[in-house]
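This is what each chain is made of:
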2 protein chains.
Amino acid sequence: MEKPFTRNEYMKRMERVKQRMMEKGLDALITMNPANMNYLSGYDGHSFYVPQAVMVFLSEDEPVWAGRAMDASGARFTTWLKDENIRGYDDDYVQSDVKHPVQFFADVMREKRVDQKRIGVEMNQDFFLHRSYVELIRALPQASLVDVSYMINRIRMIKSEQEITYMKQAAQITDLAITAAVNKIAAGVRESDVAADVYHALVRGTGEFCGDYPAIPPLMPSEDKTSTPHLSWSDRIYQNNEIVHLELSGCRLRYHAPLARTVFTGKPPQRYMDMVKTVIEGLHAMLDVIRAGMTCEEVEQTWREVIRKAGIEKESRVGYPVGLGYPPDWGEQTVSMRPGDITVLEPNMTFHVLPALWMEPYSFIISETVRVTEQGCETFSSLPRELFVR
Amino acid sequence: MEKPFTRNEYMKRMERVKQRMMEKGLDALITMNPANMNYLSGYDGHSFYVPQAVMVFLSEDEPVWAGRAMDASGARFTTWLKDENIRGYDDDYVQSDVKHPVQFFADVMREKRVDQKRIGVEMNQDFFLHRSYVELIRALPQASLVDVSYMINRIRMIKSEQEITYMKQAAQITDLAITAAVNKIAAGVRESDVAADVYHALVRGTGEFCGDYPAIPPLMPSEDKTSTPHLSWSDRIYQNNEIVHLELSGCRLRYHAPLARTVFTGKPPQRYMDMVKTVIEGLHAMLDVIRAGMTCEEVEQTWREVIRKAGIEKESRVGYPVGLGYPPDWGEQTVSMRPGDITVLEPNMTFHVLPALWMEPYSFIISETVRVTEQGCETFSSLPRELFVR
């Protein structure tokens, strides 16, 4: 199977991770987070409902993938690893009261002679459950476990050219899916029939490349439910004069480029159009200032000043880094564009910039996925930045 | 918004949970698992990439839902709870180095005066991360935390009539999606174009009711990749004389009814058809014996005897309980139909019975989702149990 990245690119990722490990005095690292596992090994399978891991050893070129035996075969197809670095545990480890897969991972640690060393663990990341921690210290009583939550995620923030290429492909798919929704939404149409067309577009992709299942399903609350962002769809029929929020992402080889747009069925009132204008102005203000060297909170401040001029006060995050992801999140969970976050933007960071306003009874969301450059930022979508009226 | 279940049904679930809590001497319980949260509160939102919880108190009729403020609004739409039992935390708790949502949950525990009591915690379940455990003992140093992993899942194993209704609706959707795949798969067709039609069918559902996003995406490895179960689709074009595995599920109000079928493009060789016959015979043998009072391992043994007669030895699980689920799993993660599991089947338990054989270079999978009854079992799908030849 063709791999999405060259061996060289995976080696570079390993180097960056090992560099950080050395700075932290770590001899080994274990990640059970599907996105981080993919980043280091290439592994891509929907098997993370059982414990599985990628382990990095300072002394080894390649990481070790460990998981269920039936998925080790999937690792042989999807990773860049030598067969000796793919380890499958027997099925009697699965959902057992006696055995636990972490014991199997600990065996690899012992084999690599790091069982009395400092081992990095992502204590605050999906899917590192408390029980896994307990099993790990029980199996490796001489090891020192060090929390390295989000360390790999921070490395992931800076994208390679190949990663940017996949995000742009994802963005093309996003545009197709948003367009499918906008074309279908109208008073009298069932929400789920729109969602079906959206999913078809997300998976079909283009004639050249397809889409994968996104880490977050299409979010499309309508009417009074637009007061909350994380609802999907129902059997409800759209009525006239309704607001429909669309937040969704194409996914290309696990890379995302989310986008939000809002649809209005009927003729939007002037008061609503004024609010729409303010939010779009706020988005443009942020896109105008984003560039390497800026801080996250400075970007948010730009937005806040625009809405303050319109007499609105609202402090919340308006952007987060995005890229490689598995359910339940396409966000990288590292930094936020919000007051207090002084992270400095660097070239090839990618953000989902998502301003939104809720002013009873109206709400409006609109976003762009952007790549930070030295001079400014590059947007990936080719859709107009406007309210879609249907 | 109409709720999927009556208040009375939610109250019954609470009673069963409290009964188990009393047996274990617990005063309170906290679950951060989306399926268990839904089971107790009705909450349905794709927001579990941030910590959120449902807490049960022996002294209270209703549980408390706690999550991000923007999702509290979603909880108002989807749960059966009074407004006072829906608690939203501010956005500065999200992905912060300073604040952690578990501190907010602990505040509720203190308010309910269980901060020095015995509190049940699901230490081995998604999404109870190790960091959440650390924050919980830090915030509630006087509490005793007791592991109750899978306790609610075991209660969920026995379905109500209304739950069965939703599973049957899910099964109708599953049949539509499998049929869409079988109709589309042929040499010369791109895998992703089949996947797009499958997703369209999964979400559109019937004219009467729609489908939700399934907890596991359609799994459809083909050709040599049929050696591993958890791959999805790619840009590859199907060739002649290929085996395609389909394992997927419709989802109705978060209830699943998965099904596996196998497609062959071209004319299957006799040796393969012999193997297919054995597996189908094994599935039928299991469906014939499943009834209340049997043990899980007895069901598996029936399968093993059929394949032994065909000269094949293979010990692995051939079934697991299924129902309510969120990514990454539609399985209930409690018991398995495999040697050593002496769980006794009870009426209204529901299982995905999934025998499979891999014999180089051939493989074949076929399954049914079933409801255990006093006299036997009821299957939900109306698709024929056969190899689909295209």
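Here the residue index of a chain counts from 1 through its sequence in written order. Lettering of chains starts at A and numbering of ligands starts at 1, both following the order in which they are written. Owing to the predicted nature of the model, reporting of local features is limited to residues with pLDDT of at least 70; listing and counting of side-chain atom pairs is limited to 80 or more, with chain, interface and lining totals taken over all residues. As a rule here, side-chain values cover all heavy atoms of the structure and leave hydrogens and water aside.

**Q** Could you give me a rundown of the relation of the copies chain B and chain A, with the residues and numbers involved?
**A** Superposing chain B onto chain A takes a rotation of 180° plus a shift of 0.0 Å along the axis, which leaves an RMSD of 0.0 Å. With respect to symmetry, the two chain copies, as superposed, fit the operation of a two-fold axis. For this analysis, residues touch if any pair of their heavy atoms sits within 4.5 Å. Comparing interface residues between copies, 100% of those in chain B also sit at the interface in chain A, which points to an isologous, same-surface contact. Only residues with pLDDT of at least 70 in both copies contribute their C-alpha atoms to the least-squares superposition of the copies.

**Q** Mind laying out the layout of surface pockets, listing which residues take part and the relevant values?
**A** Of the grid points, spaced at 1 Å and generated over the protein atoms alone, those admitting a 1.4 Å probe that cannot get out make up cavities, while open sets with protein on both sides within 12 Å along at least five of seven lines make up pockets; any residue with an atom within 4 Å of a point is treated as lining. Grid points are joined across faces, edges and corners, and a volume is the space filled by probe spheres set on the points. As a volume, the largest pocket reaches approximately 910 Å³. Around the largest pocket, the lining comprises 46 residues; the ones closest to its centre are R338 of chain A together with V94, Q95, S96 and D97 of chain B. Secondary structure elements follow DSSP: runs of H or I of four or more residues count as helices, runs of E of two or more count as strands, with numbering from the N terminus. Those elements giving two or more residues to the lining of the largest pocket turn out to be α6 (151-156) of chain A together with α5 (130-139) of chain B. Here the nonpolar group is Ala, Val, Leu, Ile, Met, Phe, Trp, Tyr, Cys and Pro; Asp, Glu, Lys and Arg are the charged ones; every other residue, Gly included, is treated as polar. Of the residues contributing to the lining of the largest pocket, the split by class is 18 nonpolar, 14 polar and 14 charged. Lining the second largest pocket we find 33 residues, and of these M1, E2, P4 and L253 of chain A together with S234 of chain B sit closest to its centre. Contributions of two or more residues to the lining of the second largest pocket are made by α3 (69-78) and α7 (161-184) of chain A. Here the residues of the lining of the second largest pocket are counted per class, giving 14 nonpolar, 7 polar and 12 charged.

**Q** Please provide a residue-by-residue account of the sheet that holds strand β1 (residues 28-31) of chain B, values included.
**A** All names here are of chain B. Read from one edge to the other, the open sheet built from 6 strands follows the order β4-β3-β2-β1-β5-β6, with strand pairing classed as mixed. Taken across any chain shown, the strands that pair with only one partner, and hence form the sheet edges, are β4 (86-89) and β6 (144-147). Pairs of neighbouring strands in the sheet enclose a mean axial angle of 25°, with direction left out of account. Fitted lines through C-alpha atoms give the axes, limited to the stretch in contact for helices. The angle between two N-to-C directions lies from 0 to 180 degrees. Its contacts with the sheet place helix α1 (residues 7-23) against β1 and β2 (53-57), and it is angled at close to 65° to β2. The strands that helix α3 (residues 69-78) touches are β3 (64-68) and β4; relative to β3, the one it contacts most, it runs at about 140°. Two strands pair if DSSP finds at least two bridges between them.

**Q** Describe helix α8 (residues 191-204) of chain A, listing the residues and the values that go with them.
**A** Owing to its 3.6 residues per turn, the α-helix brings residues three or four apart onto one side. Given the number of residues in a helix, its expected span is that number minus one, multiplied by 1.5 Å. The end-to-end C-alpha distance of α8 of chain A is 20 Å, a good match for the 20 Å that 14 residues give at a rise of 1.5 Å each. Counting buried positions over the 14 residues of α8 of chain A gives 11, a clear majority of the element. For every residue, the accessible area obtained with a 1.4 Å probe (protein chains only) is divided by the maximum for its type, and the residue is called buried under 20%, exposed over 50%, and partly exposed between those limits. Regarding α8 of chain A, the residues found buried are E191, S192, D193, V194, A195, A196, V198, Y199, A201, L202 and V203 of chain A. Where α8 of chain A is buried, its residues meet α7 and β7 (242-252) of chain A together with α8 (191-204) of chain B. Positive phi shows up at G205 of chain A, right after α8 of chain A, with a value of about 70°.

**Q** Before we move on, can you summarise the state of the cysteines with the specific residues and values?
**A** Working definition: a disulfide is two cysteine sulfur atoms within 2.5 Å of each other. Within this structure, the stated rule accounts for 0 disulfides over all chains. This cysteine, C296 of chain A, is not joined by any disulfide, and C377 of chain A carries the nearest cysteine sulfur, 13 Å off. The thiol of C210 of chain B is not disulfide-bonded; the next cysteine sulfur, from C251 of chain B, is found 9.5 Å away.

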